[in-house]
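Examining the three-dimensional arrangement
Here's the letter readout for the chains.
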Amino acid sequence: MKKVFFKTFGCRTNQFDTQVMMSKLKEFELSTDEMNSDIIVVNSCTVTNGADSSVRNYISSMKRKNPDAKVILAGCGSHSKGEALFEDNKVFGVMGHSEKENINEILKRETRFYEIGDLEHIDSTIVEEFVGKSRAFIKIQEGCDFACSYCIIPAVRGGARSHREEIVLEQIRKLAANGFGEFILTGTNVGSYGKDHETSMAKLLKKMSMIRGVRRIRIGSLEPIQIDDEFMELLDEPWMAKHLHIALQHTSDKMLELMNRRNRFETDIMLFNKIAEHGYALGTDYIVGHPGEDEKAWEEAMARVRELPLTHVHAFSYSKRDNTASATMKPEVRGNIAKERHRELTELVKAKNYAFRRSHNSNLEVLLENGKDGVFYGFDQYFNKVEVRSDEDLSSNWVLLNDVEVEPDVNRAKL
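Right, let's walk through the structure included here. Everything quoted here is computed from the prediction, not taken from an experiment. (Residues numbered from 1 in each chain as written. Predicted model: local features only at pLDDT ≥ 70, side-chain atom pairs only at ≥ 80, totals over all residues. Heavy atoms only, no water.)

To continue, consider empty space enclosed by the protein. Tallied over the full model, the rule gives two cavities of 30 Å³ or more. Looking at the largest cavity, its volume works out to about 40 Å³. Sorting elements by how many residues they give to the lining of the largest cavity places helix α2 (residues 49–65) first, with three residues. In the lining of the largest cavity, the residues fall into four nonpolar, two polar and three charged. (1 Å grid on protein atoms, 1.4 Å probe; cavity = no way out; pocket = protein on both sides within 12 Å on 5 of 7 lines; lining within 4 Å. Points joined across faces, edges and corners; volume = space filled by probe spheres on them. Helix = DSSP H or I, 4+ residues; strand = E, 2+ residues; numbered from the N terminus. Nonpolar A, V, L, I, M, F, W, Y, C, P; charged D, E, K, R; others polar.)

In structure tokens form, the structure reads like this:
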């Protein structure tokens, strides 16, 4: 039986897509060693030019290190760079998003192939297990209808479309029956769920919460304009993780305009303060160094970040993406300036997170991942990492912690 290794780049949606492909392998053996595999499936990311380079470098290294393996390109990169890599004979085959569920048949092919499919497909696969995970990722939608000036993703993932509710709920029932208690909802633009099916994220969450075994639900990322009154009514539910990731991307209105974003700071801060009143930790995505970000815009942006009740940030230094509106914008921000701004932002939010953890150090519900040598790691309801030391094997267990030791980089406890 031929061995297949999966290399996954990028976001949680790609992680889920890899699990879908793994679940469809019927006539192949899943490998954890790329050097001793017959086939290497590269589930690629193309969000920036740098992401493309990482994928290309990995493919080149595998051609050198394991020249007999067939390299198959999947994921977002198949739609942006797949044709060029295929024509240059860098990969044996290319498969688009819509072909994931056919992977068992596709991998049996003896001749080179280019199966890009379409960008309207919705998976119907029910994933019942997550290899090496104690938390389950549930993809509830595909694609995005936004047109942010820096982003290529709508072009490679297609427009927003929701997975059928019954498929999502059946998947959760099966995973809960297999022992999973925490579920993380993912997708390209998660908050758009339900628009095309006359339902909503809030309605889905309520139905999920009624499934036996569901203990905690996290949501990958939301846009500010997607948080409505129906969603706000769920904030005090015990099964809601007390952390929301709300993608602002910037806090200068000038920059939000340049980025073609749908949010503005005046309404963003009102929303954040309202949610923080319910005891929530709040994270965001933030792009630093986008073209047009002059010193005045940056100073205004940082002053506004200080006002926000932020506890987490996923900060990016802007990286040009070909075929996007931002790629031709001027003036560009020098790399050393962007790097310094990135440091300033992350240090500010790190200090905010430390203060939050010091005031939230008891009654922490932590789902521990696999550990070793008596040290286990997991995340509490506020999405803060906790290190737990114990003589017992606590892998994949829930623990309730009080009076944890709060350090600048991590919370610690002993059981």
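Having seen the structure, we can now continue with the description.
What is meant by a disulfide is a covalent connection between two cysteines, made through their sulfur atoms. Within the structure shown, the criterion is met by zero disulfides. The thiol sulfur of cysteine 45 is not disulfide-bonded, and the nearest other cysteine sulfur, from cysteine 11, lies at 6.5 Å. A disulfide-free cysteine, cysteine 144 has its sulfur positioned 6.4 Å from the sulfur of cysteine 148, the nearest such atom. (Disulfide = S-S within 2.5 Å.)

A few words now on the sheet that holds strand β14 (residues 312–317). The parallel open sheet is built from three strands, whose spatial order is β12-β13-β14. For this open sheet the edge positions go to β12 (243–245) and β14, each flanked by a neighbour on one side alone. Strand-to-strand twist across the sheet, computed as the mean angle between neighbouring axes with direction ignored, equals 15°. Here β12 runs beside strand β13 (residues 281–288); their pairing, made up of three bridges, is parallel. Looking across to β13, one finds that histidine 245 is bridged to glycine 283. (Pairing = 2+ DSSP bridges. Axes fitted to C-alpha atoms, helices over the stretch in contact; angles between N-to-C directions.)

Scanning the model with the defined rule gives 37 salt bridges in all. Between lysine 139 and aspartate 17 there is a salt bridge, and its shortest N-O distance comes to 2.4 Å. Within this pair, whereas lysine 139 is found in strand β7 (residues 136–139), its partner aspartate 17 is found in helix α1 (residues 12–23), the two being separated by 122 residues in sequence. Residue arginine 341 is joined to glutamate 293 by a salt bridge in which the shortest nitrogen-to-oxygen separation is 2.9 Å. In this pair, arginine 341 is assigned in helix α13 (residues 335–359) and glutamate 293 in the loop between β13 and α12 (295–307), connecting sequence segments 48 residues apart. Each member of the pair arginine 341 and glutamate 293 is classed as buried. (Salt bridge = Lys/Arg side-chain N within 4 Å of Asp/Glu carboxyl O. Buried < 20%, exposed > 50% of the residue type's maximum accessible area, 1.4 Å probe, protein only.)

Take the side chain of aspartate 285 next. Tracing the backbone through its elements, the reader meets aspartate 285 in strand β13. Notably, aspartate 285 is buried but unbridged: the nearest opposite-charge side chain belongs to arginine 261, and the N-O separation is 7.6 Å. Polar contacts involving the side chain of aspartate 285 include one to the side chain of histidine 245, which spans 2.8 Å. Aspartate 285 has contacts with Ser221, His245, Ile246, Ala247, Leu248, Gln249, His314 and Phe316, leaving out every residue within four places of it along the chain. (Lys, Arg positive; Asp, Glu negative; His and termini not counted. Polar contact = N/O pair within 3.5 Å; in protein donor to acceptor, adjacent residues only side chain to side chain. Contact = heavy atoms within 4.5 Å.)

We now examine the environment of threonine 111. Here threonine 111 shows up in the loop between α5 (103–106) and β6 (113–115). We classify threonine 111 as exposed; its relative accessible area is 57%. A sequence separation of 19 residues divides threonine 111 from phenylalanine 92, and the C-alpha atoms of the two residues are 8.1 Å apart.

Let's shift gears to the pairing of strand β11 (residues 216–219). Residues Arg216 and Arg218 point to one face of β11 and Ile217 and Ile219 to the other, with burial holding for every one of them. Relative to β11, strand β10 (residues 182–186) is paired through four bridges, and the arrangement is parallel. Among the inter-strand pairings, isoleucine 184 is bridged to a residue of β11, identified as arginine 218. For the handedness criterion, the β-α-β arrangement of β10, helix α8 (residues 201–209) and β11 is classed as right-handed. (Right-handed = clockwise from strand over helix to strand, strands pointing away.)

Attention shifts here to the packing of helix α7 (residues 165–177) against α8. Contact pair α7 / α8: the axes reach a minimum separation of 10 Å and the direction vectors enclose 30°. Of the possible angle classes, the one that applies to α7 and α8 is roughly parallel. Of the two elements, α7 crosses α8, and the hand of that crossing is right-handed. For the pair α7 and α8, the contacting residues are Glu165, Val168, Leu169 and Ile172 in the first and Leu204, Lys207 and Met208 in the second. Its residues assigned to classes, the contact of α7 with α8 shows five nonpolar, no polar and two charged. (Parallel < 35°, antiparallel > 145°, perpendicular 65-115°, else oblique. Left-handed = near helix turned anticlockwise from the far one by under 90°.)

In this section: the sheet that holds β10. Spatially, the three strands line up as an open sheet ordered β7-β10-β11, and their pairing is parallel. Where the open sheet ends on each side, the last strands, each with one partner, are β7 and β11. Each strand axis lies, on average, 25° off the axis of its neighbour in the sheet, ignoring direction. Note: β7 against β10, four bridges, orientation parallel. Within β10, the position partnered with isoleucine 138 by the bridge is leucine 185. Sheet contacts for α7: β7 and β10; angle to β7, the most-contacted strand, approximately 170°. Against the sheet, α8 makes contact with β10 and β11, and its axis sits at roughly 155° relative to β11, the strand it touches most.

None of the figures reported here should be taken as evidence of function without further support.
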